[in-house]
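Structural characterization, general
Read off the chains here:
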Amino acid sequence: MFGRRFFSGPLLASALLALAVSTVSPLAISARAAQPQSSQPWENGLGMKFLPVAGTEVLFSVWETRVRDFAAFVDATKYDATKGMLSVRDDGWRQNGDTWQSPGFPQTPLHPVVGVNWEDARAFCAWLTESERAAGRLAASQVYRLPTDEEWSAAIGLPREHGGTPKERNGKAGEVYWWGTAFPPPAGVGNFSDETAKGGRHPDWNIVVGYKDGFEDASPVGSFTATKTGLYDLTGNAWEWCEDFFDGKAGARVLRGGAYSRLGAHHLEASFRLDVAPQRRRADFGFRCVLAAGPGTP
Ligand SMILES: [Ca+2]
Ligand SMILES: [Ca+2]
C-alpha cells in the first residue's frame, strides 16, 4: 500500500515532464528530480520515508527516528548521547547507566531511538541535512528539523488551536485522539502502557485498562495502524520532541504524543503536551523529523 502511494500518478507525471524538457537542460533536470518536492512523498538516503501533511509546508517522517538512523549519525560523527539517561527498573525512573543503544529493554534497529534529548535530536537533524546536501539529495534551502508544535498538531489532525504558545494550547481539545473519541482505544492503533506491560515487566504502571498491544516496552516503528495522513506511532511508542519552547520563551521544550510507558492522565490526547528540559534523556523520549522542502524554506 505504501509503495503504491510512492509511485502514483503525480510522480509519473513529473517524470514524464522531466523527460519532455530534458533536451533543454539535462543536468539541471536530473538534479531537481533527485531532490524532494514539498507536495510529494520522499525517501532519503537512510531509507526514512516522508509524506506531505495538509496544513503544513513540510514533509513528515512516517516513522519515529529509528535506532538504525541514529546509529548512522553516531557512526559518522562520534556524537556522544550516552550520559544521564533515565530508565525503568522496579523502583521507577532512575539513572541506571542505560543509553540509547541499550535503553533497559530489548530493541532492534527498527525500534525508535529513545533516551535522546532535544539537543541530540537537533544534532541528528543538522547532520542529516549536511550529509544529504553533500550527497546532492537536498537543495541548499532544504532542511531536516524537528516539527513545530503547530505542525505536529496538524499532523495528528487537530483543527486550528487557540493560544499563542504550546502551554496555552495544552490539553484544550480534551478527550480527542487521532482515532476519534473511543476509550479504551480500538485495537491496533498504537503502543501504549497496556495490559501487556502490566502483566509483564511493569506491574505497577498505570495502564489503558482493556487495551492490549502485545508490547511491554517500545515496539518497532510502524507496527500499528497509520493515521489518515499516513504517519505511524504519532500517539504512543516514543514521545516526540518538538521545536518549540513550552511557554514560547525559554526553558522547557515540548514533547507530544505519549509513549509506551507508564500512563499519566491525558497523555494520549491529541492536544496534550509534556514540558521537559532540553537536556533530559529518558527511555521513552524520542523524536520524528520533518523535511522543510519548499522553495521558501529558511
Ligand atoms: Ca504496550
Ligand atoms: Ca510517538
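Treat the numbers as computed from the prediction; the structure is a model and nothing was measured. (Residues numbered from 1 in each chain as written. Chains lettered and ligands numbered in written order. Predicted model: local features only at pLDDT ≥ 70, side-chain atom pairs only at ≥ 80, totals over all residues.)

**Here we look at the overall build of the protein**
Stated precisely, the cut-off is as follows: Runs of H or I in DSSP of at least four residues are treated as helices and runs of E of at least two as strands, each being numbered from the N terminus. In this scheme the burial state of a residue depends on its C-beta neighbours within 10 Å: 20 or more other such atoms mean buried, 12 or fewer mean exposed, and anything in between means partly exposed; the C-beta positions come from the backbone. Contact definition: two residues whose C-beta atoms, as placed from backbone geometry, lie within 7 Å.
Tallying secondary structure elements over the protein gives eight helices and 11 strands in all. Taken across its 298 residues, the protein has 43% of its residues classed as buried. Here the contacts in the protein between residues at least 6 apart in sequence split such that 65% fall between residues at least 24 apart.

**Here we look at the sheet that holds strand E1 (residues 42-43)**
For clarity, the cut-off: Strands are treated as partners if at least two bridges between them are detected by DSSP.
Spatially, five strands are ordered E1-E2-E3-E11-E6 in an open sheet, and the strand pairing comes out antiparallel. A single partner strand is all that each edge strand has here, and the edge strands are E1 and strand E6 (143-145). Both strand E2 (residues 49-52) and strand E3 (residues 58-61) contribute to a ladder of three bridges, which runs antiparallel. Along E3, the bridge assignment pairs proline 52 with leucine 59.

**A closer look at helix H5 (residues 118-134)**
Rule in force here: What a helix is expected to span follows from its residue count: subtract one and scale by 1.5 Å.
Across its 17 residues, H5 extends 24 Å between first and last C-alpha, which sits within 8% of the 24 Å expected from 1.5 Å per residue. Looking at the buried positions of H5, the neighbouring elements they touch are helix H4 (67-77), E6, strand E7 (239-245), strand E8 (253-256) and strand E10 (285-287). One or two steps after H5, the chain reaches glycine 136, where phi turns positive at roughly 80 degrees.

**Overview of the sheet that holds strand E9 (residues 273-276)**
To keep things clear, this is the line we draw: Where helices are involved, their axes are fitted lines through C-alpha atoms of the stretch in contact, as for all axes, and angles between N-to-C directions lie from 0 to 180°.
What the four strands build is an open sheet, ordered E9-E8-E7-E10; its pairing is mixed. Strands with a single pairing partner mark the edges of an open sheet, and in this sheet they are E9 and E10. Ignoring strand direction, the axes of neighbouring strands in this sheet form an average angle of 45 degrees. Both E7 and E10 contribute to a ladder of three bridges, which runs parallel. When the bridges of E10 are listed, tryptophan 241 appears paired with phenylalanine 287.

**Let's talk about the pairing of E2**
Judged from the two bridges that link them, E1 and E2 form a sheet pairing that is antiparallel. Bridging from a neighbouring strand, tryptophan 42 pairs with phenylalanine 50 of E2. Counting the residues between successive antiparallel strands, the hairpin from E1 to E2 contains five residues, one of them, glycine 47, with a positive phi of roughly 80 degrees. Taken together, E2 and the strand that follows it, E3, pair antiparallel across an intervening segment of five residues, in which glycine 55 is found at a positive phi of about 90 degrees.

**Re the nonpolar core**
The test is simple: Connectivity within a nonpolar core runs through C-beta atoms within 7 Å, and the core itself is a set of buried Ala, Val, Leu, Ile, Met, Phe, Trp, Tyr and Cys residues.
Ranked by internal contacts, the top residues of the largest apolar core, which has 65 residues, are Phe60, Val116 and Leu291. Ranked by residue count, the leading element in this core is H5, at five residues. Ignoring anything within four residues of it in the chain, the contact list for phenylalanine 60 reads Phe50, Leu51, Val53, Pro147, Ala155, Leu231, Arg288 and Val290.

**Structural notes on the confidence of the model for the protein**
For the record, the criterion: The predictor rates its confidence in each residue with pLDDT, a number between 0 and 100.
On average, residues of the protein score 89 in pLDDT, and 88% of them are at 70 or above. In the model, residues 1-33 has pLDDT below 50 throughout and makes 10 contacts with residues more than four positions away in sequence or in other chains.

**With respect to H4**
For clarity, the threshold we go by: Each direction from the helix axis to a C-beta atom contributes to the arc, which is the arc of those directions.
Within H4, the full set of buried residues consists of Val67, Asp69, Phe70 and Phe73. Looking straight down H4, one finds its buried side chains confined to an arc of 165 degrees; they lie on one side. In this structure, H4 carries Asp75 and Ala76 as exposed residues pointing more than 90 degrees from its buried face. Looking at the buried residues of H4, the elements they touch are H5.

**Describing the packing of H4 against H5**
The condition is simple: Oblique is the label for any angle not under 35 degrees, not over 145, and not in the 65 to 115 range, which are roughly parallel, roughly antiparallel and roughly perpendicular in turn. For this scheme, ten residues count as nonpolar: Ala, Val, Leu, Ile, Met, Phe, Trp, Tyr, Cys and Pro. Four count as charged, namely Asp, Glu, Lys and Arg, and the remainder, Gly too, count as polar.
Relative orientation of the contacting elements H4 and H5 amounts to 75 degrees, with a least axis distance of 10 Å. Considering the angle they form, H4 stands roughly perpendicular to H5. In contact with Phe70, Phe73, Ala76 and Thr77 of H4, H5 contributes Phe124, Trp127 and Ser131. Grouping the constituent residues of the contact of H4 with H5 by class yields five nonpolar, two polar and no charged.

**Describing the pairing of strand E5 (residues 92-95)**
Sheet topology note: the strand E4 (residues 86-89)/E5 ladder contains four bridges and is antiparallel. Note that in E5 the partner of valine 88 across the bridge is tryptophan 93. If you look at the hairpin formed by E4 and E5, you'll find two residues sitting between the two strands.

**A few points about the environment of arginine 133**
Looking at the secondary structure, you find arginine 133 in helix H5. Spatially, the C-alpha atoms of arginine 133 and valine 143 are 8.9 Å apart, while their sequence positions differ by 10 residues. Setting aside its immediate chain neighbours within four residues, arginine 133 contacts Leu138 and Ala140.

**What about the environment of arginine 169?**
Note on placement: arginine 169 falls in helix H7 (residues 166-169). When the C-alpha atoms of arginine 169 and arginine 273 are compared, they prove to be 8.6 Å apart, with 104 residues separating the residues in sequence. Other than its neighbours up to four places away in sequence, arginine 169 contacts Glu161, Gly163 and Ser271.

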